[in-house]
Amino acid sequence: MTDTTNLVNTLYNAYNLGQAISKEEIPKEISNEDAYNIQHQLTEQKLANNNDNLIGYKISLTSEETQQLFNSTTPLYGALTTSNLSDGSIELDKMLSPLIEIELMFIAHEDLSAADDVQSILQKTSIAPGLEIPDSRFTDWFPKLSLGQVIADSAVAGNVIVGEKVEGISYDQLADINADLTLNGEIIAQGPSTEVLDNPVHAIQWLIEELAKSGRTIQQGMTISSGTFILPKPLQKGKYQVSFDSIGSISLDVL
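So, here is what we can say about the structure in this document. (Residues numbered from 1 in each chain as written. Predicted model: local features only at pLDDT ≥ 70, side-chain atom pairs only at ≥ 80, totals over all residues. Heavy atoms only, no water.)

A closer look at unusual backbone geometry
Alright, step 1. The omega torsion across Phe142 and Pro143 is -10 degrees, close enough to zero to call that bond cis.
Alright, step 2. Along the chain, Pro143 falls in the loop between β5 (125–133) and α5 (147–152).
Alright, step 3. Despite not being glycine, Ser154 shows a phi value in the positive range, around 50 degrees.
Alright, step 4. Take Ser154: its relative accessible area is 2%, and that puts it in the buried class.
Alright, step 5. A positive phi angle, near 75 degrees, is found at Asp198, a position not held by glycine. (Helix = DSSP H or I, 4+ residues; strand = E, 2+ residues; numbered from the N terminus. Buried < 20%, exposed > 50% of the residue type's maximum accessible area, 1.4 Å probe, protein only.)

What about empty space enclosed by the protein?
Alright, step 1. Considering all chains together, one arrives at 2 cavities of 30 Å³ or more under this definition.
Alright, step 2. A volume near 170 Å³ is recorded for the largest cavity.
Alright, step 3. Along the walls of the largest cavity sit 18 residues, with Ser60, Leu61, Phe70, Glu101 and Pro232 positioned nearest its centre.
Alright, step 4. At the level of elements, β1 (54–60), α3 (64–69) and β4 (99–108) are the ones that each hand at least two residues to the lining of the largest cavity.
Alright, step 5. Of the residues forming the lining of the largest cavity, the biggest block, 3 residues, is contributed by β1.
Alright, step 6. For the lining of the largest cavity, the residue count by class is 13 nonpolar, 3 polar and 2 charged.
Alright, step 7. Size it by volume and the second largest cavity reaches roughly 50 Å³. (1 Å grid on protein atoms, 1.4 Å probe; cavity = no way out; pocket = protein on both sides within 12 Å on 5 of 7 lines; lining within 4 Å. Points joined across faces, edges and corners; volume = space filled by probe spheres on them. Nonpolar A, V, L, I, M, F, W, Y, C, P; charged D, E, K, R; others polar.)

By themselves, these figures tell us nothing about what the structure is for.
Here it is in structure tokens:
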């Protein structure tokens, strides 16, 4: 495994100072193994230096269309820390180059392991409406990063907004959820849950298995952003609202 200490420090300083870096500062050809190693070290550094705790994960590239953008055949994941949680209001000028996605959030009320099948996962989680605001530490990033650069940058984690939890959503219901995203009352995007590996719970199962490769797990209380129903859109000022069949709605004010 490559010594990635300098690369970790480069990304940490970009995160800590809120200043974007050029894509050349992290090698485009970096392997997925090294990229995840950077991500994990970055998460540890955020905790040690900023008391910025790991609170969950985000899953990206869960549709064929988004995988094609980054020449991938599988999803990828990134860490979510306390600073990624938004209360529903974001100042656009404090972001770097943000996008907006509509996603279902899974909240674990028990630890999850590779022994859990999809039914067990659904029994051990609640589901909430959500919005994700991807934002990279790289300049001019979408969709111009390599897969390794995206992974190293915590899957371009920016902010997540998590709505009210609902219980008892079945596997079949999850496979048939549509969502509408509005900006200032006008629909700007619509998408189905089938865009997320045919069913968002499949994304959670993929994440559990992927985390297990490095001895990590989804722990009680963690929030998982499961994957976007739509292609990301540039974030603008205004009032966004997303409404999901059977799940509910949530709004975001971008100032």
